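Chain by chain, the residues run as shown.
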Amino acid sequence: MTSLAAQDSLPSIPNPRVRTGAASRDTAIDTMRGLAILMVIGIHSLQQPLSAGQLAIDSVLRPCVPIFLFVSGYLTALSGKVPLMKRLKAAVIPYAIAFAAAYIYMALHNPAMDHRPTTTLARFALAYVFVYYYVFVYIGCTIVLWLVFAAASSSPKFQTRLVVLLLLAILFGLLIGSYLDPLLSHLGFTESMIDEARMRDIPFWFAFMALGTLAGLFAIKSALPDARALLAAATIVTYGIYAGVRLFQLGDAGYYDSMAFFGYAALFCFLLFSFDVEAPFVASLGSGSYFIYLWHIFFVMLMRDHAPLRELGPAAASLITFAVAAAGSIAALLIVREFVPRRVCRWLGA
């Protein structure tokens, strides 16, 4: 391949100045999304506090958000542009509907809930209700990617600048992830506030979107199958490191924004990417993954709040919660797609 220094031409990513048609759905990419949404449900179904065994399972499932961000960056690279307003509209409208339902649920279960307008607005803006922090992360990362593309497009060597900016963004994200926790601790923030801030660490999360964009930019998908064994071995090793760091509370041992998590999650994304699996049913879940993400948590919360599952033990409670949440949210998706007008489906993220 001709180097970027010699020729600023990578056919896998069009110049944003040139209008391109919408890419057709990629079944393999939707399959990755479908697997990721099942992983999300799995995480939320685990009973708290986590035992050592549950922590090991939880650690396996944690790359779910990186998968969504990785494939978003990859598809952006293929199209060569970031349709910012279209993506914001597709994310915010379904979220606003789900937020209203989640707010009502929380209010019914917590009579002492703070309903001041400023507090409610802050909850909405920061996605501080149920587990909707991913909405904040996705919107933030999408805006950053749009800014990166805009900055790169001002240069005659668009793709060279784009690569440099994406690499710098990954480096910057890892640095922020490494020092955000100790900085906030030094400033006197509580552990709960630090956890919330780390879940919304946009620079760190953007590293996964940047990585996916680079994967599309350099068209590495066709070369990855030859490296599956190596990727699998490296993924297992980094999983062991990540799970060990969490289990033994070594250094930066949070769920997210740590070097251990980045190493494992990034390799997990590339490993899945290398298999290029096309599973139609899982892909159908992937195409409606945003709807499932927004609404599966209601099934989880109903099971936690109103079903006497703890008497069955953590393993049985987790399996039952997962089965009910997965089946319920998938059934809801199928019903909405079958009986609700297409425009309303878009409003719901289905």
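All chains use their own residue numbering, which begins from 1 and follows the written sequence. Two thresholds apply to this predicted model, a pLDDT of at least 70 for residue-level local features and 80 or more for giving and counting side-chain atom pairs, whereas whole-chain, interface and lining totals are computed over all residues. Side-chain numbers come from the whole structure's heavy atoms, not from hydrogens or water.

Caption draft 1: Representation of the overall build of the protein. Each helix and strand in the protein was counted, giving 15 helices and 0 strands. In terms of overall dimensions, the protein is globule-like: its C-alpha atoms have a radius of gyration of 20 Å, near the 20 Å expected for 350 residues. When the backbone C-alpha atoms are referred to their principal axes, the protein occupies close to 65 × 50 × 40 Å. Throughout this description, buried means an accessible area under 20% of the type-specific maximum (1.4 Å probe, protein chains only), exposed means over 50%, and partly exposed covers the range between. Within the protein, buried positions represent 48% of all 350 residues. For the protein, the share of sequence-separated contacts (at least 6 apart) that also reach a separation of at least 24 residues comes to 81%. Per element, the accessible surface of the protein, about 16700 Å² overall, is 71% carbon and sulfur. Helical segments are the DSSP runs of H or I of at least four residues, strand segments are the runs of E of at least two, and each set is numbered from the N terminus. A radius of gyration in this sense is built from C-alpha atoms; the matching globule rule multiplies 2.2 Å by the number of residues raised to 0.38. Here, two residues are considered to be in contact whenever any of their heavy atoms come within 4.5 Å of each other. Exposure was quantified through the Shrake-Rupley algorithm and a 1.4 Å probe, taking into account, for residues, occlusion by the shown protein chains and nothing else.

Caption draft 2: Fine view of helix H11 (residues 259-275). Compared with an ideal rise of 1.5 Å per residue, which puts 17 residues at 24 Å, H11 spans 25 Å between its outermost C-alpha atoms and is within 8% of the ideal. Counting buried positions along H11 gives 12 out of 17 residues, so the element sits mostly inside the fold. Considered for burial, the residues of H11 that qualify are Ala260, Phe261, Phe262, Tyr264, Ala265, Ala266, Phe268, Cys269, Phe270, Leu271, Phe273 and Ser274. Residues of H11 that are buried make contact with helix H1 (27-45), helix H2 (52-61), helix H3 (64-79), helix H7 (158-186), helix H9 (202-217) and helix H10 (228-247). Of the residues one or two after H11, Asp276 is the one with positive phi, at around 50 degrees. Under the convention used throughout, the expected extent of a helix is 1.5 Å for every residue step, that is, one less than its residue count.

Caption draft 3: Region of interest: the packing of aromatic side chains. Ring pairs are drawn from Phe, Tyr and Trp, using the six-membered ring of Trp, whenever the two centres fall within 6.5 Å, and their geometry is named by plane angle: stacked under 30 degrees, edge-to-face over 60, tilted for the rest. Within this structure, the stated rule accounts for 34 aromatic pairs. Both rings, one in Tyr133 and one in Tyr256, keep their centres 6.2 Å apart while their planes meet at 45 degrees; by these two values the pair is tilted. Here Tyr256 lies in the loop between H10 and H11 and Tyr133 lies in helix H6 (residues 133-153), a separation of 123 residues in the sequence. Each of the two residues, Tyr133 as well as Tyr256, counts as buried.

Caption draft 4: Broad picture of the pattern of salt bridges. Salt bridges are identified by distance alone: a Lys or Arg side-chain nitrogen within 4 Å of an Asp or Glu carboxyl oxygen. Applying the stated criterion across every chain, the model contains 8 salt bridges. Between Asp26 and Lys221 there is a salt bridge, and its shortest N-O distance comes to 3.7 Å. Here the residue Asp26 occupies a position in the segment before H1, and Lys221 occupies one in the loop between H9 and H10, the gap between them amounting to 195 residues. Members of the salt-bridge network, linked through shared partners, are Asp26, Lys221 and Asp276.

Caption draft 5: Main features of the environment of Asp114. Tracing the chain through its elements places Asp114 in the loop between helix H4 (84-109) and helix H5 (117-125). Overall, Asp114 belongs to the partly exposed group, its relative accessible area being 25%. Through-space distance from the C-alpha of Asp114 to that of Gln47 is 27 Å; in sequence the pair is 67 residues apart. Any pair of nitrogen or oxygen atoms within 3.5 Å is treated as a polar contact; in protein, a donor-acceptor pairing is required on top of that, and neighbouring residues in sequence qualify only through side-chain atoms on both sides. A distance of 3.3 Å separates polar atoms of two side chains, one belonging to Asp114 and the other to Thr119.

Caption draft 6: Seen up close, the confidence of the model for the protein. With 93% of its residues at a pLDDT of 70 or more, the protein shows a mean pLDDT of 88. Within a predicted model, pLDDT stands for the predictor's per-residue confidence, ranging from 0 to 100. A low-confidence stretch, residues 15-23 (pLDDT under 50), is modelled with 11 contacts involving residues beyond four sequence positions or located in other chains.

Caption draft 7: The arrangement of H10 in detail. Over its 20 residues, H10 runs 28 Å from end to end, which matches the ideal 28 Å to within 8%, given 1.5 Å per residue. Within H10 the residues assigned to the buried category are Leu231, Thr235, Thr238, Tyr242, Ala243, Gly244, Val245 and Arg246. Summarising the contacts, the buried residues of H10 are in contact with H2 and H11. Phi turns positive one or two residues past the end of H10, at Gln249, with a value near 50 degrees.

Caption draft 8: Representation of the packing of H1 against helix H14 (residues 314-339) in the model. An axis is simply a line fitted to the C-alpha atoms; with a helix, the fit covers only the stretch in contact. Between two such axes, the angle follows the N-to-C directions and lies from 0 to 180 degrees. One way to put it is that H1 packs onto H14 with a least axis distance of 9 Å and a crossing angle of 140 degrees. In terms of their interaxial angle, H1 and H14 are classed as oblique. For H1 against H14, the interelement crossing comes out right-handed. Within the contact between the two elements, H1 uses Leu38, Ile41, Gly42 and Ser45 and H14 uses Ser318, Thr321, Phe322, Ala325, Ala326 and Ser329. Three classes are used: nonpolar for Ala, Val, Leu, Ile, Met, Phe, Trp, Tyr, Cys and Pro, charged for Asp, Glu, Lys and Arg, and polar for all others, with Gly counted as polar. Broken down by class, the residue content of the contact of H1 with H14 amounts to 5 nonpolar, 5 polar and no charged. Any angle from 65 to 115 degrees is called roughly perpendicular, while one under 35 is roughly parallel, one over 145 is roughly antiparallel, and all others are oblique. Left-handed is the label given to a crossing in which the near helix is rotated counterclockwise from the far helix by less than a right angle, and right-handed is the label when the rotation is clockwise.

Caption draft 9: Spatial organisation of the nonpolar core. Buried Ala, Val, Leu, Ile, Met, Phe, Trp, Tyr and Cys residues form a nonpolar core when they are joined through side-chain atoms within 4.5 Å. Among the nonpolar cores identified, the biggest contains 97 residues, and Leu69, Tyr132, Trp205, Phe206, Phe208, Phe262 and Tyr293 are the most heavily contacted of them. Among the elements that make up this core, the one with the highest residue count is H9 (12 residues). Contacts of Phe208, omitting those with residues within four sequence positions, involve Pro66, Leu69, Phe70, Phe261, Phe262, Ala265 and Ala266.

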